[in-house]
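Next come the chains, spelled out residue by residue.
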Amino acid sequence: MIRLGKIALLLLLSVTTAAGFLWLPPAAGFRNEALARIVVFHVPCSIVASLATAVGAWHAVRYLWKRDLLDDIKSSASFAQALMFWALTTVTGAVFAKSQWGTAWSWDVKQTSILMLLLIYCAYFALRTAIDDSRKRAAVSAVFTLFALLAVPYLTLILPNNSPSLHPKNTVFSTEYRIVLWADAVGVCLVYLWAFRLHVALDEIALRLGRRSRRALPPATVQRVLRASPD
Amino acid sequence: MPFFGPDLNPGTLMTQLLPLMLVPLLIWLAVWGYLWSLDFKVKRLQQDLARTEGREDDEE
């Protein structure tokens, strides 16, 4: 059943991609109407990146509350996905900018704020790699997340919506655009959930292996060595 | 509404949109294939680890 769901996900992604290119009419009101179709890939990436950020923040708060290392694993896994989807949002946004404004990067307020957001994520992962002790790393990362969290709504919502920007505001999409955009958002969200689950499972295995290797010698091995020794 | 959009002539479609469409399509296919194969590997690792831990518990 789960396997069928995964095959259905591939179909959904393929159909929404094909629909984005072949079924959607050119977007009226844009300079390059044909390439403006990229919004149906750009917007879902930013929606899923925001969702992944929220999930990561929730698990960071949960770690500070429950002190369960699994929450730290879930938090960092979700932030890794969020970084990837924010990077995809930036790349698809740059393609859109090139087609609409003639240049891929124009230091627009939205582009600059997303760059700052990406730097905050990079700082988070740099911080994590600098601390060896897993408990200390989890606590410091969770506290960093709480502070970084204050910047996220400011950089993604407040600043871009209250500053002059090239980025289109209050765009009204036609029904076809809304269908493809939300179907693609569902597909990208399922990809995030699948990758997140696998990332957490792999980190959990690494945690269990780390715990096992930290035991100097398992008691059973000690007993076996003692039984085998002649004295 | 026609399937291929209202004002796209077949020439534009074949020379520009179809090759462009293949890029995200192939990326999705690669991502999906990677996750699919990783799923099997993770399941096998989890089973191996559970078996090893079970064996160690029995020995203890």
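Quantities reported herein were computed from a predicted structural model and do not represent experimental measurements.

## Re the overall build of chain B
What chain B contains, in helices and strands, is one helix and zero strands. Taken over 60 residues, chain B has a buried fraction of 23%. When the accessible surface of chain B is totalled, it reaches about 4200 Å², and 65% of it is carbon and sulfur.

## Quick word on the packing of helix α3 (residues 69-101) of chain A against helix α4 (residues 109-130) of chain A
Residues and elements named next belong to chain A. At a minimum axis distance of 10 Å, the contact between α3 and α4 shows a crossing angle of 150 degrees. Accordingly, the angle class assigned to the pair α3 and α4 is roughly antiparallel. As α3 packs across α4, the resulting crossing turns out to be left-handed. Partitioning the contact of α3 with α4 into residue classes produces 14 nonpolar, five polar and two charged.

## Comments concerning the environment of D132 of chain A
Considering the arrangement of structural elements, one finds D132 of chain A in the loop between α4 and α5 (134-161). With 94 residues separating them in the primary sequence, D132 of chain A and I38 of chain A have C-alpha atoms 42 Å apart.

## With respect to the confidence of the model for chain A
When pLDDT is averaged across chain A, the result is 85; 90% of the residues are at 70 or more. Averaged pLDDT values over the elements of chain A bottom out at 54 in helix α7 (residues 219-228) of chain A and peak at 92 in helix α2 (residues 39-66) of chain A.

## Remarks on the packing of α4 of chain A against α5 of chain A
Residues and elements named next belong to chain A. Packing of α4 against α5 brings their axes to within 10 Å, and their N-to-C directions diverge by 180 degrees. When the interaxial angle is binned, α4 and α5 end up roughly antiparallel. Taking contact as the criterion, the partners of V109, K110, S113, M116, L117, I120, A123, Y124, L127 and R128 in α4 are, on α5, R137, V140, S141, F144, T145, A148, A151, V152, L155, T156, L159 and P160. Here the residues of the contact of α4 with α5 sort into 15 nonpolar, four polar and three charged.

## Focus: the nonpolar core
Residue and element names in this part refer to chain A. Counting 44 residues, the largest nonpolar core has F85 and W86 as its most contacted members. Ranked by residue count, the leading element in this core is helix α6 (residues 175-214), at 11 residues. Aside from chain neighbours lying at most four places away, what touches F85 is C45, V48, A49, V188 and Y192. Among the nonpolar cores identified, the runner-up in size contains 17 residues, and F21, L24, F30 and F96 belong to it.

## Points about the state of the cysteines
Residue and element names in this part refer to chain A. Applying the stated criterion to the full structure yields zero disulfides over all chains. Looking at the unpaired C122, the closest cysteine sulfur is the one in C45, lying at 17 Å. Residue classification places C122 among the partly exposed positions, given a relative accessible area of 43%.

## Thoughts on the side chain of S76 of chain A
Residues and elements named next belong to chain A. Mapped onto the elements, S76 comes out in helix α3. Residue S76 is classed as buried on the basis of its relative accessible area of 8%. Polar contacts involving the side chain of S76 include one to the main-chain carbonyl oxygen of I73, which spans 3.2 Å.

Analysis parameters
- Residues numbered from 1 in each chain as written.
- Chains lettered and ligands numbered in written order.
- Predicted model: local features only at pLDDT ≥ 70, side-chain atom pairs only at ≥ 80, totals over all residues.
- Heavy atoms only, no water.
- Helix = DSSP H or I, 4+ residues; strand = E, 2+ residues; numbered from the N terminus.
- Buried < 20%, exposed > 50% of the residue type's maximum accessible area, 1.4 Å probe, protein only.
- Areas by Shrake-Rupley, 256 points an atom, 1.4 Å probe, with all protein chains shown as cover.
- Axes fitted to C-alpha atoms, helices over the stretch in contact; angles between N-to-C directions.
- Parallel < 35°, antiparallel > 145°, perpendicular 65-115°, else oblique.
- Left-handed = near helix turned anticlockwise from the far one by under 90°.
- Nonpolar A, V, L, I, M, F, W, Y, C, P; charged D, E, K, R; others polar.
- pLDDT = per-residue confidence, 0-100.
- Contact = heavy atoms within 4.5 Å.
- Core = buried A, V, L, I, M, F, W, Y, C linked by side-chain atoms within 4.5 Å.
- Disulfide = S-S within 2.5 Å.
- Polar contact = N/O pair within 3.5 Å; in protein donor to acceptor, adjacent residues only side chain to side chain.

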